[in-house]
Amino acid sequence: MKAAIFDLDGVVVYTDAYHYRAWKQLADEQGWAFDESLNDNLRGVSRMASLQIILDHNGIDLPEKDKERLATEKNEYYKTLLQSIDESALVDGAVPFIRALKEQGLLIGLGSSSRNAQMVIDKLGIATLFDAVVTGHDISRSKPDPQIFLMGAEKLGVAPADCAVFEDAASGVEAALAGGMTAVGFGPSEGLDGAHVRIRAYSELDPATFAAR
Ligand code: BG6
Ligand code: MG
């Protein structure tokens, strides 16, 4: 193992609650049904695809222009909520685990579909943890396409086969596997059983043993 690429939302930072509150605010305004179980289906899904899932759930069909306006509105709510994000939103053990992998000589990448990823890592003061950052701004194909992780590996100068990917979404695990990387499924989501390694907390992995894989 020469590098580890981390997804952001749900893997390094618990932003799920912030995404939920932003979608909920939009849904309430529009009179749409939206709850936490539907929110679970949005993990790792792009902004526009997330909106489509909510619209489909409500049996609503809208022109593209309206969808773009509504997705932008949700993002404004999300960015407002992010103003108050602090270290308490960091996933337990994530930062010490990443630091320990660095001490083992691994390069560290960030591979997040979010177009807000840079803002989040800047606000939390963790941008310097990452040797390479690839976000929703850089990609043309969403997970489960491996593009985001392959770009990350290339930026790190490491072969995909020497990379591990940490992901909390089934689409992200699929992307890592499609890219020929070691997939680590993290967190409570279902659908991560195809990953090479399946953990619910960082305390389940010893960084030295993992780096020696
Ligand atoms: C993913 C999140 O990381 O990013 C999704 O898990 C989110 O919930 C997606 O929809 C896109 O994020 P953003 O910040 O660009 O709307
Ligand atoms: Mg995620």
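Positions within a chain are numbered from 1, following the residues in the order the chain's sequence is written. Ligands are numbered from 1 and chains lettered from A, in the order in which they are written. Two thresholds apply to this predicted model, a pLDDT of at least 70 for residue-level local features and 80 or more for giving and counting side-chain atom pairs, whereas whole-chain, interface and lining totals are computed over all residues. Derived side-chain values reflect all non-hydrogen atoms in the structure, with water molecules and hydrogen atoms excluded from consideration.

1. Topic: the site of ligand 1
1) Next: Near residues are defined by distance, with any heavy atom within 4 Å of the molecule or strand qualifying the residue. Taken together, 13 residues lie near ligand 1, and D9, V45, S114, R115 and N116 sit nearest.
2) Next: Side-chain atoms alone can form a polar contact between residues adjacent in sequence; in general such a contact is a pair of N or O atoms within 3.5 Å, and within protein one must be able to donate a hydrogen while the other accepts it. Backbone polar atom of L42 to an oxygen atom of ligand 1: 3.2 Å apart, as the coordinates give it.
3) Next: Backbone polar atom of V45 to an oxygen atom of ligand 1: 2.6 Å apart, as the coordinates give it.
4) Next: Class assignment for the residues of the shell around ligand 1 results in three nonpolar, six polar and four charged. Here the nonpolar group is Ala, Val, Leu, Ile, Met, Phe, Trp, Tyr, Cys and Pro; Asp, Glu, Lys and Arg are the charged ones; every other residue, Gly included, is treated as polar.

2. Brief notes about the packing of helix 1 (residues 16-30) against helix 4 (residues 64-82)
For any two helices packed against each other, the geometry comes down to the angle between their axes and how far apart the axes lie.
1) Next: It is the contact of helix 1 with helix 4, at a shortest axis distance of 8 Å, that shows an interaxial angle of 135°. In terms of axis orientation, helix 1 runs oblique to helix 4. Crossing handedness for the pair helix 1 and helix 4: right-handed. Along the contact surface, helix 1 presents Y18, H19, R21, A22, W23, Q25, L26, E29 and Q30, while helix 4 presents L70, E73, K74, Y77, Y78, L81 and L82.
2) Next: Tallied by class, residues from the contact of helix 1 with helix 4 come to nine nonpolar, three polar and four charged. With axes taken as lines fitted to C-alpha atoms, and helix axes fitted only over the stretch in contact, angles between N-to-C directions fall between 0 and 180 degrees. Only runs of H or I of at least four residues qualify as helices and only runs of E of at least two qualify as strands under DSSP, and these elements are numbered from the N terminus. With respect to orientation, any angle under 35 degrees is reported as roughly parallel, any angle over 145 as roughly antiparallel, any angle of 65 to 115 as roughly perpendicular, and every other angle as oblique. The hand of a helix crossing depends on one turn: near helix anticlockwise from the far one by less than a right angle means left-handed, and clockwise means right-handed. Contact between two residues is taken to exist if any of their heavy atoms lie within 4.5 Å; hydrogens are not considered.

3. Looking at the domain arrangement of the chain
1) Next: Annotation comment: domain bounds sourced from an automatic or database domain assignment. For the chain, the domain assignment lists domain 1 (3-14 + 88-211) and domain 2 (16-82).
2) Next: The C-alpha-based centres of domain 1 and domain 2 are spaced at 24 Å.
3) Next: Taken together, the contact between domain 1 and domain 2 spans 17 residues of the former and twelve residues of the latter.
4) Next: A combined buried area of about 1,100 Å² lies between domain 1 and domain 2, and 50% of that area is made up of carbon and sulfur atoms.
5) Next: For salt bridges, the criterion is a side-chain nitrogen of Lys or Arg within 4 Å of an Asp or Glu carboxyl oxygen. Scanning the region where domain 1 abuts domain 2 turns up one salt bridge.
6) Next: The partner of D168 in a salt bridge is R43, with the nearest N and O atoms 3.2 Å apart.
7) Next: Here domain 1 is connected to domain 2 by three residue pairs in polar contact (both at pLDDT 80 or more).
8) Next: Here the element with the most residues in the side of domain 1 that touches domain 2 is helix 6 (residues 117-123); it accounts for three residues.
9) Next: Here the residues of the side of domain 1 that touches domain 2 are counted per class, giving seven nonpolar, six polar and four charged. Defined here as a combined quantity, buried area equals the accessible surface (1.4 Å probe) lost by two parts on assembly, summed across both.

4. Remarks on the sheet that holds strand 3 (residues 132-134)
1) Next: Strand order across the open sheet formed by six strands is 3-2-1-4-5-6, with parallel pairing between neighbours. Each edge of the open sheet is held by one strand with a lone partner, namely strand 3 and strand 6 (197-199). Ignoring which end each strand starts from, the neighbouring axes of this sheet average 20° apart.
2) Next: Pairing of strand 1 (residues 3-6) with strand 4 (residues 163-167), which is carried by four bridges, proceeds in the parallel orientation. Looking at the pairing, I5 lines up with V165 of strand 4.
3) Next: Its contacts with the sheet place helix 8 (residues 170-178) against strand 4 and strand 5 (182-186), and it is angled at close to 170° to strand 5. Pairs of strands are assigned from DSSP output, requiring at least two bridges between the strands.

5. Quick notes on the pairing of strand 4
1) Next: When accessible area is computed with a 1.4 Å probe and restricted to protein chains, residues below 20% of their type maximum are described as buried, those above 50% as exposed, and intermediate ones as partly exposed. Of all five residues in strand 4, five are buried; the element is thus mostly enclosed.
2) Next: Residues of strand 4 alternate between two faces, with C163, V165 and E167 on one and A164 and F166 on the opposite face, all of them buried.
3) Next: Pairing geometry for strand 4 and strand 5, over four bridges, is parallel. By the bridge assignment, E167 is partnered in strand 5 with G185.
4) Next: For crossovers, right-handed means that the path from the first strand over the helix to the second runs clockwise, given strands pointing away from the viewer. The parallel pair strand 4 and strand 5, bridged by helix 8, forms a crossover whose chirality is right-handed.

6. Observations concerning helix 8
1) Next: The set of residues buried in helix 8 consists of S171, G172, V173, A175 and A176.
2) Next: A positive phi of about 75° marks G180, the residue just after helix 8.

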